[in-house]
Amino acid sequence: MDTRYLDDLQAGQRFESGGITLSEAEIIDFAWRYDPQPFHLDANAAAESPYGGLIASGFQSLAVCFRLFIQSGMLAESSLGSPGIDELRWLAPVRPGDTLHSVVEVLDVRPSTSKPDRGIVRMKYQAINQRGEAVLGFIVNHLLRRRPS
C-alpha cells in the first residue's frame, strides 16, 4: 500500500486490516514476559477466575491491533511517532483461538501551526474478533509528515 501523508487523510476515512489468530502458547508467552497474572498464564487458575478461562492480556490485544494497522505500510514514510494514546478501553476478553483484525477511522486531521512539515491525525482503533465484536478501542494521535512538495 502507498504511504498516506497528513494531506492524504480526512475525517471519516476507514481502513480495515487482515486478521491474526492468537494461540494459547502466544497468550501465555506474552503474559510471562509482560503481564504475569494467573488468568493470562494458567488455564486452571483462569478457569476459576471471573473470566472462566484463559484470556489474553489487554496489552497484547492493544499491541496486536496496532501492529495489524501499522504493518499495512500505510504510514511507513510519513510516521514521526505519537505523542500518546487516548480513551483506551478493553471491551471484551480475547481467548485462545480468537482472530482479531483492526478497523481504524480517521477522526481529525490538524496541520501544525508551528511546524509546517507535519501535523496530528487522530485515529480511532478497534480490535474486532471473528464474531464481529469489538474487544478493544483506543485513539492514537499520530504525528505525520505532510506530503513532500
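All figures in this text were calculated on a predicted structure; none of them were measured in a lab.

**Here's the deal with the pattern of salt bridges**
When charged atoms on two side chains of opposite charge get close, those side chains can pair.
Next, step 1: The tally for this structure, following the rule as stated, stands at 9 salt bridges.
Next, step 2: Across the salt bridge formed by Arg 147 and Asp 8, the nearest N and O atoms sit 2.6 Å from each other. In this pair, Arg 147 is assigned in the segment after strand E5 (134-145) and Asp 8 in the segment before strand E1 (14-21), connecting sequence segments 139 residues apart.
Next, step 3: The residue Asp 86 makes a salt bridge to Arg 122 at a minimum N-O spacing of 2.8 Å. With Asp 86 in strand E2 (residues 84-90) and Arg 122 in strand E4 (residues 118-128), this residue pair connects regions lying 36 residues apart in the sequence.
Next, step 4: Taking the relative accessible area as the measure of exposure, Asp 86 reaches 29% and is therefore partly exposed.
Next, step 5: The exposure class assigned to Arg 122 is buried, which follows from its relative accessible area of 18%.
Next, step 6: A network of salt bridges, in which partner residues are shared, links Asp 98, Arg 131 and Glu 133.

**Observations regarding the environment of Gly 84**
Next, step 1: Note that Gly 84 resides in strand E2.
Next, step 2: Taking the relative accessible area as the measure of exposure, Gly 84 reaches 23% and is therefore partly exposed.
Next, step 3: Those residues in contact with Gly 84 that sit more than four places away from it in its chain are Ile 139, Val 140 and Asn 141.

**With respect to the packing of aromatic side chains**
Any aromatic ring pair is given by two values, namely how distant the centres are and how the planes are angled relative to each other.
Next, step 1: Evaluated as defined, the whole model comprises 7 aromatic pairs.
Next, step 2: Ring centres of Phe 15 and Phe 69 lie 6.3 Å apart, and the angle between their planes is 45 degrees; this geometry places the pair in the tilted category. In this pair, Phe 15 sits in strand E1 while Phe 69 sits in helix H4 (residues 58-70), placing the two residues 54 residues apart along the sequence. Taken individually, Phe 15 and Phe 69 each receive the classification buried, so the pair is uniform in this respect.
Next, step 3: On the basis of an interplanar angle of 75 degrees and a centroid distance of 5.3 Å, the ring pair of Phe 59 and Trp 90 is categorised as edge-to-face. Here Phe 59 is found in helix H4, whereas its partner Trp 90 is found in strand E2, with 31 residues between them in sequence.
Next, step 4: Note on Trp 90: relative accessible area 43%, which makes it partly exposed.
Next, step 5: Feature note: the residues Phe 15, Phe 66, Phe 69, Tyr 125 and Phe 138 constitute an aromatic cluster, connected by ring pairs.

Calculation rules
- Residues numbered from 1 in each chain as written.
- Predicted model: local features only at pLDDT ≥ 70, side-chain atom pairs only at ≥ 80, totals over all residues.
- Heavy atoms only, no water.
- Salt bridge = Lys/Arg side-chain N within 4 Å of Asp/Glu carboxyl O.
- Helix = DSSP H or I, 4+ residues; strand = E, 2+ residues; numbered from the N terminus.
- Buried < 20%, exposed > 50% of the residue type's maximum accessible area, 1.4 Å probe, protein only.
- Contact = heavy atoms within 4.5 Å.
- Phe/Tyr/Trp six-rings, centres within 6.5 Å; stacked < 30°, edge-to-face > 60°.

Don't take any of this as a statement about function, it's just geometry.
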